[in-house]
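Chain by chain, the residues:
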Amino acid sequence: MANWDWVTISALATGLGTLVLALATFASVRSANRAARTAERSLLAGLRPLLFPSRFSDEPLKVSYADQHMFRLPGGHGMAEVTADVIYLAMSLRNVGSGLAVLDGWVVGSGPIGSGLRPDRPPLDEFRRLTRDLYVPSSDVFFWQGALRDPTEPDFIEVAEAIRAESPLTVELLYGDEEGGQRTITRYSLLPHHDGEGPLVWLATVSRHWNIDRADPR
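A brief structural summary.

Criteria and cut-off values
Residues numbered from 1 in each chain as written. Predicted model: local features only at pLDDT ≥ 70, side-chain atom pairs only at ≥ 80, totals over all residues. Heavy atoms only, no water. Helix = DSSP H or I, 4+ residues; strand = E, 2+ residues; numbered from the N terminus. Buried < 20%, exposed > 50% of the residue type's maximum accessible area, 1.4 Å probe, protein only. Contact = heavy atoms within 4.5 Å. Phe/Tyr/Trp six-rings, centres within 6.5 Å; stacked < 30°, edge-to-face > 60°. Pairing = 2+ DSSP bridges. Salt bridge = Lys/Arg side-chain N within 4 Å of Asp/Glu carboxyl O. 1 Å grid on protein atoms, 1.4 Å probe; cavity = no way out; pocket = protein on both sides within 12 Å on 5 of 7 lines; lining within 4 Å. Points joined across faces, edges and corners; volume = space filled by probe spheres on them. Nonpolar A, V, L, I, M, F, W, Y, C, P; charged D, E, K, R; others polar.

## Remarks on the overall build of the chain
- If you tally the helices and strands in the chain, you get 2 helices and 12 strands.
- Order of helices (α) and strands (β) in the chain, N terminus to C terminus: α-β-β-β-β-β-β-β-β-β-α-β-β-β.
- Among the 218 residues that make up the chain, the fraction classed as buried is 35%.
- Taking contacts inside the chain between residues at least 6 apart in sequence as the whole, the part at least 24 apart equals 66%.

Put into structure tokens, the structure is as follows:
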């Protein structure tokens, strides 16, 4: 009986030791996973862009198009110009995030922020792809530009009427980080404004951000 008791005790001790080792390994793996997730979040935060309209004090930018049309874009402003065949659009942007912003697509419509254009972000398949690469460095300024070149399409007609009537426009931009991830949609308004007796200018404002590849912050 005594021999059996010692054998049983030895087996129980071995089993207990194995259980303790397994628990320690499990805790270590969980801790390592948490550390890895924390490191990954820190890395992604370091690559994450966030685009706002630039400040009035930011330097003006030269914006040019494939048809050699160009103009000077002041800080904090946008541009909306309509001709018989083309609508030229642009906006001065500042990247307040920590990573390089890579612009991907855009949607434009008539109406200001809060006008009920749509309560949520537009579907990704509605965005027009940019025809040139546009990047906004972290803590720096650059521009977005777009053009509508088909006078028969509904968007051209709607936006042209708004510009001629000096009515606000809403622009939604799709962009991500330099690795092609952390995509974000930001909604802006271009608001027409007469500065005293001067010419009409378009002021840029922002209202909403949506995260595509991660949870929204609200």
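## Here's the deal with the packing of aromatic side chains
- Summed over all chains, the structure comprises 4 aromatic pairs.
- Through pairs of rings, three or more aromatic residues link up here, namely Tyr65, Phe71 and Tyr88.

## Brief notes about the pairing of strand β12 (residues 200-211)
- As defined by bridge partners, strand β4 (residues 77-82) adjoins β12 across 2 bridges and the pair is classed as antiparallel. From the neighbouring strand, His77 faces β12, where its bridge partner is Leu203.
- Bridge analysis of strand β11 (residues 184-194) against β12 gives 11 bridges, and the strand direction is antiparallel. Residue Thr184 lies in a different strand from β12, and its bridge partner there is Asn211.
- Taken together, β11 and the strand that follows it, β12, pair antiparallel across an intervening segment of 5 residues, in which Gly196 is found at a positive phi of about 65°.

## A look at the pattern of salt bridges
- In total, this model carries 7 salt bridges according to the counting rule given.
- For Asp213, the salt bridge is made with Arg183, and the minimal N-O distance between the two is 2.8 Å. One end of the pair, Asp213, is in the segment after β12; the other, Arg183, is in the loop between β10 (169-176) and β11, and 30 residues separate them in sequence.
- By relative accessible area, which is 30% here, Arg183 ends up partly exposed.
- It is possible to trace a salt-bridge network through shared partners that takes in Arg128, Glu153 and Asp155.

## Some points on the pairing of strand β2 (residues 61-64)
- Here β2 shows a clear split, with Leu61 and Val63 buried on one side and none of Lys62 and Ser64 buried on the other.
- Here β2 pairs with strand β3 (residues 70-73) via 4 bridges, running antiparallel. Counted as the bridge partner of Val63 is Phe71 from β3.
- Where β2 hands over to β3, the hairpin turn is made up of 5 residues, of which Gln68 adopts a positive phi near 75°.

## Regarding the environment of Phe71
- Along the chain, Phe71 turns up in strand β3.
- Not counting the four nearest positions on each side in its chain, Phe71 is found in contact with Leu61, Lys62, Val63, Tyr65, Met79 and Ala90.

## Remarks on the layout of surface pockets
- The space that makes up the largest pocket amounts to roughly 290 Å³.
- Looking at the largest pocket, it is lined by 13 residues, and the ones nearest its centre are Tyr65, Thr131, Gly146, Ala147 and Arg149.
- When residues of the lining of the largest pocket are traced back to their parent elements, those giving at least two are β7 (128-129) and β9 (141-148).
- No other element matches the 3 residues that β9 contributes to the lining of the largest pocket.
- When grouped by side-chain class, the residues that make up the lining of the largest pocket number 5 nonpolar, 4 polar and 4 charged.
- Each pocket or cavity is described by its volume, and for the second largest pocket that value is around 180 Å³.
- Looking at the second largest pocket, it is lined by 14 residues, and the ones nearest its centre are Val102, Leu103, Asp104, Arg129 and Gly176.
- Every element with two or more residues in the lining of the second largest pocket is listed here: β6 (101-110) and β10.
- Looking at the lining of the second largest pocket, its residues break down into 6 nonpolar, 2 polar and 6 charged.

None of the figures reported here should be taken as evidence of function without further support.
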